[in-house]
Structures are given as C-alpha cells and as structure tokens.
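What follows is each chain in one-letter form.
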Amino acid sequence: MSAATTSAATTRSRTARTPVPDRLCAEAVDFARAAAEEAAAPGEVGEHVAVVSEGDRVVTHYFECEMFGYRGWRWAVTVARASRAKNVTLDETVLLPGSDALLAPEWVPWSERLRPGDMGPGDLLPTEAEDLRLEPGWTGETIEETDEDATAVRLSGELADLVDTEDAELTSRPSAIGRGSIASVAEELGMRRARVLSRYGLHAAADRWDEEFGPKTPMAQAAPATCVSCAFLVPLTGSLRQAFGVCANEFGPADGHVVSLAYGCGGHSEAAVPKPPTRAPHALDTMRVDSYRLHSERDGGSAPDGADSPTDDLGHS
C-alpha cells in the first residue's frame, strides 16, 4: 500500500470519528437560541458556549443555563439539515448537566436508605419475601395431623364462619388449639408463626445490641459488676437468653433496652451499700467548768476599789 493510500484511509477514519460540523447548522446560533428560549423561562438562557457535531448535518448548540440551582447545566439545542437542503430544522431542546454541574446524589432504594428510628406512627415497613433475617416457621401443613389437630382445624373453621357472620372487619381470626397438641407446643415455644428469625437475623440483632449495651462500652468497663448477677435483669427466651436480657432498673442508663449479660452499670442491684452517716463528736464539753474574768484589767493591771477579785469565777462547781 502506498503512502498516499494510507494517508487517505487515515483521513477517512478520522472524519468518521469526528465529523466536521455542517456549516449551515453551525451558523444557526440565533435559530438555536430562539428554540432554547421557547423551552425555558425568560432570562434562563445564557451565552453560547459550544457547538458539537453529532453526525452528518447534525449539530448541537450549547448555551449557559441561568436558572437558580442549576449551576454548571447547559441548554442543548440540536439542529439538523436534510441532504441538499438549505433550511435548518429543529431536532430537540434539552437541559443537560455539564462537567462541573451541581447534581443530585445517586438514587438509592428506600430499603437501603431506611435507618433505625425513621419509622413514625402510621408508617408501614413491608418485609421482602426473601429477607435473609427470616425463615419459615411452623404452620402444621407438613406434619401429619392427629385427631386433636383435626378437631382444632374444625373448630377454627366454625369460628371463622362465625366471624364472617358477625364481624367482617376482623382480620386476625382466633384458632382453637387443643391442649397437648403439636400446635399448642409450637405456640408455647413461639414457633407457630408464618416466619421466624433465621440464624443470620439472630446474629445481626446480637451484634447490634452488643455494640450499644455490650461489655466494651465505657459504662460496662467502669461498672462494679455485670448484668448476669443483677436482680434488675429480665432474661429473654430462646437461644438469645444465653447472652442477653432486658434491663428493668428505671435509674439505669439501659432501662427498657436489651443488654448483654456482660454489660454493667453503676445501678447494679448488688453494688456496695454506703455506710450510714456517723455523728461527729460534740464540740462543746458540758462536763467541765471554764473560768472567765468578770472585768478586764485596767490601769496597768490594778483593779478598782470594790471590784471582785480577778480570780472570781462565773460558775461554781
């Protein structure tokens, strides 16, 4: 291949990547400005800042945006011209961010934005079907029913029919549970629910509680003893009982909160009882007689005629 052929191929390649702006489209600045002003409010279209070729006979004109809150944004007006035509037509007008534009933060789903304490009265927090914190509970459907279970199901159906007749707004219908049945045992253990906490959910809750009221907190480090020996500790049920409880000391910093058994505070029920105050010894000795002079000495120590002797006492033993 000759050098002339190579040069021509390179020129065509560069032209394909960066086409030269069409002359008529590039000169249609006033036409593009009029289109931008028609789309924007008065005074929101600024100076013409750039012209970019988008393809054959397609050019985009950029104008500064003067709207408040849209710093760095630009009005982009794309114009085009048909082949062998002399008239430039409008393609589209949009507002686009520039390289230094002030942009809103990336959108994050509500499930990832939610933080503890965000829920208020009347708010609903739907739980996903595949929530890793939960796992299926015992519903009784996969276990063979006994006679007592069948009786309970029949009674539940009768109660449901009664509810339909008397109170159609009741959503949580009571179900009869036979004593000693599998359902009653599951009810007592807290497993007769559609879903229960999974191992992941238990560990996540334990990490959360241990961080706020655990043994590594400054309060626990300065405590005289741990919660495991405190009378104000209300143990939990289930597997969490081995590591956590609820504080019931109204004067403690964790009252009503789940605390680690290794946590502690100054309100421990078995903290050292302060000694009762002791009376200080009386400052005045009432068993001794003190001597006081009736008159002070005058005239160089001589006492006036008729005066009592300096050695006379106020009291007599």
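Residues numbered from 1 in each chain as written. Predicted model: local features only at pLDDT ≥ 70, side-chain atom pairs only at ≥ 80, totals over all residues. Heavy atoms only, no water.

(A) A look at helix H7 (residues 199-212). End to end, H7 covers 20 Å across 14 residues, agreeing with the expected 20 Å (1.5 Å per residue, within 8%). Looking only at H7, the buried set comprises Gly201, Ala205 and Ala206. Relative to the axis of H7, the buried residues are bounded by an arc of 130° and lie together on one face. Residues of H7 that are exposed and angled more than 90 degrees away from the buried face: Arg199, Tyr200, Asp207 and Glu211. Contacts made by the buried residues of H7 are with strand E6 (195-197) and strand E8 (244-247). (Helix = DSSP H or I, 4+ residues; strand = E, 2+ residues; numbered from the N terminus. Expected span 1.5 Å × (residues − 1). Buried < 20%, exposed > 50% of the residue type's maximum accessible area, 1.4 Å probe, protein only. Arc of directions from axis to C-beta. Contact = heavy atoms within 4.5 Å.)

(B) Helix H3 (residues 29-39), seen in detail. Turning to H3, its buried residues are Ala32, Ala35 and Ala36. Considered in projection along H3, the buried side chains sweep an arc of 100° and stay on one side of the axis. Opposite the packed face of H3, turned more than 90 degrees from it, sit the exposed residues Asp30 and Glu38. Residues of H3 that are buried in the fold lie against strand E1 (45-55), strand E2 (58-65), strand E3 (73-80) and strand E4 (89-97).

(C) Spotlight on a nonpolar patch on the surface. A cluster of nonpolar side chains, contributed by Trp110, Leu114, Met119 and Leu125, occupies part of the molecular surface with about 370 Å² of accessible area. Tracing the sequence through the fold places tryptophan 110 in helix H4 (residues 110-113). Of the residues examined, tryptophan 110 reaches a relative accessible area of 44% and is grouped as partly exposed. (Patch = residues over 30% accessible without salt bridge, like charges linked within 9 Å, V, L, I, M, F, W, Y side chains within 5 Å. Areas by Shrake-Rupley, 256 points an atom, 1.4 Å probe, with all protein chains shown as cover. Salt bridge = Lys/Arg side-chain N within 4 Å of Asp/Glu carboxyl O.)

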